[in-house]
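Listed below are the residues making up each chain.
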Amino acid sequence: MALRRAWSLRATAPCLASLSSVPAAHEQPSAGPGDVPGCRAAETVRPPMPAVDFGNAQEAYRSRHSWELARNLLVLRLCAWPALLAHHEQLLHIARKFLGQRMFDRLMKMTFYGQFVAGEDQESIRPLIQRNKAFGVGSILDYGVEEDLSPEEAERKEMESCTSAAEKDGSGTNKREKQYQAHRAFGDRRDGVISARTYFYANEAKCDSHMETFLRCIEASGGASDDGFAAIKLTALGRPQFLLQFSDVLTKWRRFFHQMAAEQGQAGRAAMDTKLEVVALQESVAKMGIASRAEIEDWFTPETLGVSGTMDLLDWNALIDSKTQLSKHLVVPNTQTGQLEPLLSGLTEEEEQQMTRMLQRMDMLAKRATEVGVRLMVDAEQSYFQPAISRLTLEMQRRFNMDKPLIFNTYQCYLKDAYDNVTLDVELARREGWCFGAKLVRGAYMAQERARAAEIGYEDPINPTYEATNDMYHRCLNYVLEELKHNGKAEVMVASHNEDTVRFTLQRMEELGLHPADHQVYFGQLLGMCDQISFPLGQAGFSVYKYVPYGPVMEVLPYLSRRALENSGIMKGAQRERQLLWQELKRRLFTGSLLYRPA
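Bear in mind the structure is a predicted one, so any value in this text is a computation, not a measurement.

> Got a sec to walk through the overall build of the chain? Specific residues and values, please.
Scanning the chain from N- to C-terminus turns up 25 helices and twelve strands. With 599 residues in all, the chain has 57% of them scored as buried. Long-range contacts, defined here as pairs at least 24 residues apart, represent 79% of the contacts in the chain between residues at least 6 apart. Roughly 25,100 Å² of accessible area belongs to the chain as shown, and the carbon and sulfur atoms make up 54% of that amount.

> Residues and numbers for the sheet that holds strand β12 (residues 543–550), please.
Taken in spatial order, the eight strands of this closed barrel run β1-β2-β7-β8-β9-β10-β11-β12, and their pairing is parallel. Averaged over all pairs of adjacent strands, the angle between strand axes in this sheet comes to 30 degrees, irrespective of strand direction. With seven bridges joining them, strand β1 (residues 137–143) and β12 adopt parallel strand pairing. Bridge pairing in β12 links I140 to Y547.

> Account for empty space enclosed by the protein, naming residues and giving values.
A probe as big as a water molecule, rolled over the atoms, marks out the empty space that is left. Counted according to the given criterion, the structure contains five cavities of 30 Å³ or more. When its volume is computed, the largest cavity comes out at roughly 140 Å³. Lining the largest cavity, in full, are R64, E68, L69, R71, N72, G114, Q115, L128, L527, G528, D531 and K546. Residue assignment for the lining of the largest cavity shows that the elements contributing at least two residues are α3 (66–79) and α7 (112–116). Here the lining of the largest cavity is composed, by residue class, of three nonpolar, four polar and five charged.

> Describe in detail the packing of α3 against helix α25 (residues 576–590), supporting the description with residues and values.
The contact between α3 and α25 brings their axes to 10 Å, and the two run at 150 degrees. In this structure, the crossing between α3 and α25 has a hand that is left-handed. Note on element contacts: α25 touches α3 through E577, R578, L581, W582, E584, L585 and R588, opposite S66, L69, A70, N72, L73, L76 and R77. Within the contact of α3 with α25, the residues separate by chemical class into seven nonpolar, two polar and five charged.

> Go over the pattern of salt bridges with me, naming the residues and quoting the values.
For the structure on display, the rule yields 36 salt bridges. The partner of D363 in a salt bridge is K367, and the shortest N-O contact between them spans 3.3 Å. With a gap of four residues between them, D363 and K367 both fall in helix α17 (residues 349–372), about one helical turn apart. One salt bridge connects R450 with D460, and the closest N-O pair in it is separated by 2.5 Å. Pair noted here: R450 is in helix α20 (residues 446–456) and D460 is in the loop between α20 and α21 (466–486), with a separation of ten residues, a long-range link. Via salt bridges that share partners, K275, D312, D315, E427, R430, R431 and E483 belong to a single interconnected network.

> Tell me about the nonpolar core, residues and numbers included.
Counting 62 residues, the largest nonpolar core has W316, L440, L506, V521, F523 and L537 as its most contacted members. If sequence neighbours within four positions are ignored, L440 has contacts with Y411, C413, V422, Y473, C476, L477, V492, M493, V494 and A495. Of all hydrophobic cores here, the second largest spans 47 residues; its members include A118, F246, M358 and V374.

> Describe the packing of aromatic side chains, naming the residues involved and giving the relevant values.
In the structure shown here, the tally under the stated rule is 15 aromatic pairs. Site record: aromatic cluster; members linked through ring pairs are F229, F408, Y522 and Y545. The positively charged end of R442 is found above the aromatic ring belonging to Y473, 4.5 Å away from the centroid.

> Explain the pairing of strand β9 (residues 437–441) residue by residue, including any values.
Across the five residues of β9, five count as buried, placing the element largely inside the fold. Side chains G437, K439 and V441 of β9 all project onto a buried face; the interleaved residues A438 and L440 project onto the opposite face, where all are buried too. Across four bridges, the pairing between strand β8 (residues 407–412) and β9 is parallel. Residue Q412 lies in a different strand from β9, and its bridge partner there is V441. With respect to chirality, the unit in which β8 leads through helix α19 (residues 418–432) into the neighbouring parallel β9 is right-handed. Sheet topology note: the β9/strand β10 (residues 491–495) ladder contains four bridges and is parallel. Residue pairing across strands places K439 opposite M493, the latter belonging to β10.

Parameters at a glance
Residues numbered from 1 in each chain as written. Predicted model: local features only at pLDDT ≥ 70, side-chain atom pairs only at ≥ 80, totals over all residues. Heavy atoms only, no water. Helix = DSSP H or I, 4+ residues; strand = E, 2+ residues; numbered from the N terminus. Buried < 20%, exposed > 50% of the residue type's maximum accessible area, 1.4 Å probe, protein only. Contact = heavy atoms within 4.5 Å. Areas by Shrake-Rupley, 256 points an atom, 1.4 Å probe, with all protein chains shown as cover. Pairing = 2+ DSSP bridges. Axes fitted to C-alpha atoms, helices over the stretch in contact; angles between N-to-C directions. 1 Å grid on protein atoms, 1.4 Å probe; cavity = no way out; pocket = protein on both sides within 12 Å on 5 of 7 lines; lining within 4 Å. Points joined across faces, edges and corners; volume = space filled by probe spheres on them. Nonpolar A, V, L, I, M, F, W, Y, C, P; charged D, E, K, R; others polar. Left-handed = near helix turned anticlockwise from the far one by under 90°. Salt bridge = Lys/Arg side-chain N within 4 Å of Asp/Glu carboxyl O. Core = buried A, V, L, I, M, F, W, Y, C linked by side-chain atoms within 4.5 Å. Phe/Tyr/Trp six-rings, centres within 6.5 Å; stacked < 30°, edge-to-face > 60°. Lys NZ or Arg CZ within 6 Å of the ring centre and 35° of its normal. Right-handed = clockwise from strand over helix to strand, strands pointing away.

What follows is the structure, given as structure tokens:
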């Protein structure tokens, strides 16, 4: 029942809207690029695309005091020191013990904390947010506090929260595929991850506490600016068991579609190019003995599919709608045994209630963000959670993105199926008439994902090379930018520290006529990193945001550790930021402007 509820989401009021997809009848083609509601009116004469110079150190650091530049240089130098990073946790412990808590806090605020964290609370972060805004850079607020667990504690919590009651007591077998099962060797999801915060389920009260934290973050963002973002993670809002089970269901159903497509000679096609012949599909389903021929014919009617005689993956997903009465027949062939197996598994009453509360927490966050005018970014997570996270985010978009994008989904472009995911969601937004909102990232879990796939024995979900990931990112970005050209209500955030990607975006915006005044394309970087990209963009009039964490010093140390490690990887590959910082410091020294104060 609970996973059916996650699919229909009708029984969890005041939760999310139905997960059913109701595409426009096929005799009325889905809105093409020229027909999307919200298109721009006749083009008016506008100023040319502003030029952006990423090599102008004076302009890049106009918003920074000289002492901030010196701190930035120091931190980046320390981040490039392998011996220091290898023992940074021990060194921090020694420093805290030797200096005492008060002096240790001061030291951190003069170095790593001051570089990467905005402040301890909502009031202390306001001056930095306002100063950045004065120089054209907005904020994505994120309360950066994490629970400091040992690897053993993290592993224990993960195994307990990712295993169902039936699996624990032996009354039920785990029919999930290996990718969507909990594995003790990878119980500590922090291992090998340096650029994403991790939550571990403790109990429902802790999830409520996380929700309250997110609510305060949303309210702080609304109070600090009139165009802010807030970031949330769905693993903070409920048991990850449900995300694993729902992801397994979604993946099996999608794979079943592609199996049917292969039988019809369409193997290897892109998702949106694959269309099943309905008559042949009915024959295949009847041969499997899933239902009677009369029932099968009722599933494929002009009311549900139009009269084209074919169905695509979005139509296929729509079959889950309870109106088709297909949900009771949800079975798929087991790829190992060839036997038909139920797609949905039962949960205990307590698990049903836990899942309901998870959906309610999501709903409360989306409603509050709407009330205060803050856009909500749902962070991407590991690939074994991501199908469910994306699907639940899509439901929030269906409900809250009717007039403008308030909910943004995150697409990880290091995934092999990233392009299919982007194109399917863009097309669904066209058919159903809501506003597409996306954040494009490369991805934060590559090393962990590769190791897990190799150890457990399933296909690596990650693109084979860094170049392939870059190509995927630019392919997805180009598709979304093409959509933006014809749809004035769609928006995208280009979340990247890669200067080549930013330049590619600016070039395509100019070619497509996407002016920064349209506020459809946003750029995003982390606080304390790549100011030479963020501030020239903001001062040229582009919409650019810093991901701004905040929280008490001791409680954000895990976040600071990852920032140091992430910078070490960046510093090994490029020296550009340090060169520009030195260039600007020397200019101020030789021109007598070391005491420069940002106006």
